[in-house]
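Here is what each chain is made of, one letter per residue.
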Amino acid sequence: MKSAFLPDRSVVKVAGEDARNFLNGLITTDLDRLKPGLGRFGALLTPQGKIIVDFLITEVPAGHGGGFLIDCPKALAEGLATKLKFYKLRAKVTVENLDLGVLAAWDGQLAAQPDLAFADPRNDALGTRILIPEDLKQKLSDLIGAELVDASEYEAHRIALGVPRGGLDFMYSDAFPHETNMDRLAGVDFDKGCYVGQEVVSRMQHRGTARTRSVKVLLDDLSPEAGVSVMAGDKPVGTMGSSAQGKGIALVRIDRVADALDAGQPLTAGGLAVRLAEPDVVRIPLKQPIA
């Protein structure tokens, strides 16, 4: 089993007697399905339905003070806290940034179950998230029976699984949840009550209008730089995201890529060959049930 402390992650706490209802009215995931020991994947959206910040969220046991902990990108943590404070109005909630980070553990079973640990809800193979101060990363790794490795190994694992990361595989405030596969990664609950941006997201779901998607790609030898255009001949069909060890993630127009594949046109990025790991994904709009 491996573990890695993720230096790009931070934790925001939302607590108070109105915390659950307050968050439920804002984010894409249904907190009525959340309890201590579990995690959910979700996002805060603009009124136009684009992702401001995506995150994992877990509930704190009452014996530890209650409330909710949001595992989010470190660079966006302060902005998220500010946005939540803006929305709270008279709701009885408190919002604060905590001095906690995230230890990810994967490829095995935990030898012990620490506090503030939960399975990553996006993909079973992503393993477990544990919210801890950075100075405890070695001690916690020893406790759960994991080898502490560099965060780059977790990144390679994430990329191989095709799980997009904001800021690399898509840009915040510029992508819809469907484009980043949140609907396929249990990040949107379509049966919950209203939240910011819901109308747009629901319309895309019911009309099947998502034409841009994050897809897994395979690379030969060298990796294209993130941000370069994916080309079919001389026509741009998408943008390259993160890559590692011969695998990567690209944000593409699935209709244009499907046309290119049907025409036998190879895909390139920065002059380097790019192949889809799962070619059928651009032809069949898969829908995954929300757990």
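Quick summary incoming for the structure in this document. Since we're looking at a predicted model, the values are computed, not measured. (Residues numbered from 1 in each chain as written. Predicted model: local features only at pLDDT ≥ 70, side-chain atom pairs only at ≥ 80, totals over all residues. Heavy atoms only, no water.)

### Regarding the pattern of salt bridges
Argument step 1. Counting across every chain of the model gives 19 salt bridges.
Argument step 2. In this structure, R122 engages D120 in a salt bridge whose closest nitrogen and oxygen atoms are separated by 2.8 Å.
Argument step 3. Overall, the relative accessible area of 2% leaves D120 in the buried class.
Argument step 4. Through salt bridges that share partners, D8, E155, R158, R165 and D169 make up one connected network. (Salt bridge = Lys/Arg side-chain N within 4 Å of Asp/Glu carboxyl O. Buried < 20%, exposed > 50% of the residue type's maximum accessible area, 1.4 Å probe, protein only.)

### Things to note about helix α2 (residues 74–88)
Argument step 1. Between its first and last C-alpha, α2 extends 22 Å over 15 residues, near the 21 Å set by a 1.5 Å rise per residue.
Argument step 2. Among the residues of α2, A77, L80, A81 and L84 are the ones counted as buried.
Argument step 3. Looking at the buried residues of α2, the elements they touch are β2 (9–15), α1 (19–24), β3 (39–45), β4 (51–59), β5 (68–73) and β6 (94–98). (Helix = DSSP H or I, 4+ residues; strand = E, 2+ residues; numbered from the N terminus. Expected span 1.5 Å × (residues − 1). Contact = heavy atoms within 4.5 Å.)

### A few points about the sheet that holds strand β14 (residues 247–253)
Argument step 1. With antiparallel pairing, six strands are arranged side by side around a closed barrel as β11-β14-β13-β12-β15-β16. Direction aside, neighbouring strands of the sheet carry axes that sit 40 degrees apart on average.
Argument step 2. Packing against the sheet, helix α6 (residues 254–262) makes contact with β11 (212–219), β12 (229–232), β13 (235–244), β14, β15 (267–269) and β16 (272–276), and its axis sits at approximately 105 degrees to β14. (Pairing = 2+ DSSP bridges. Axes fitted to C-alpha atoms, helices over the stretch in contact; angles between N-to-C directions.)

### Side note on the side chain of T128
Argument step 1. Within the element layout of this structure, T128 appears in strand β9 (residues 128–132).
Argument step 2. Those residues in contact with T128 that sit more than four places away from it in its chain are L103, A104, A105, L110, A117, F118, A119 and D120.

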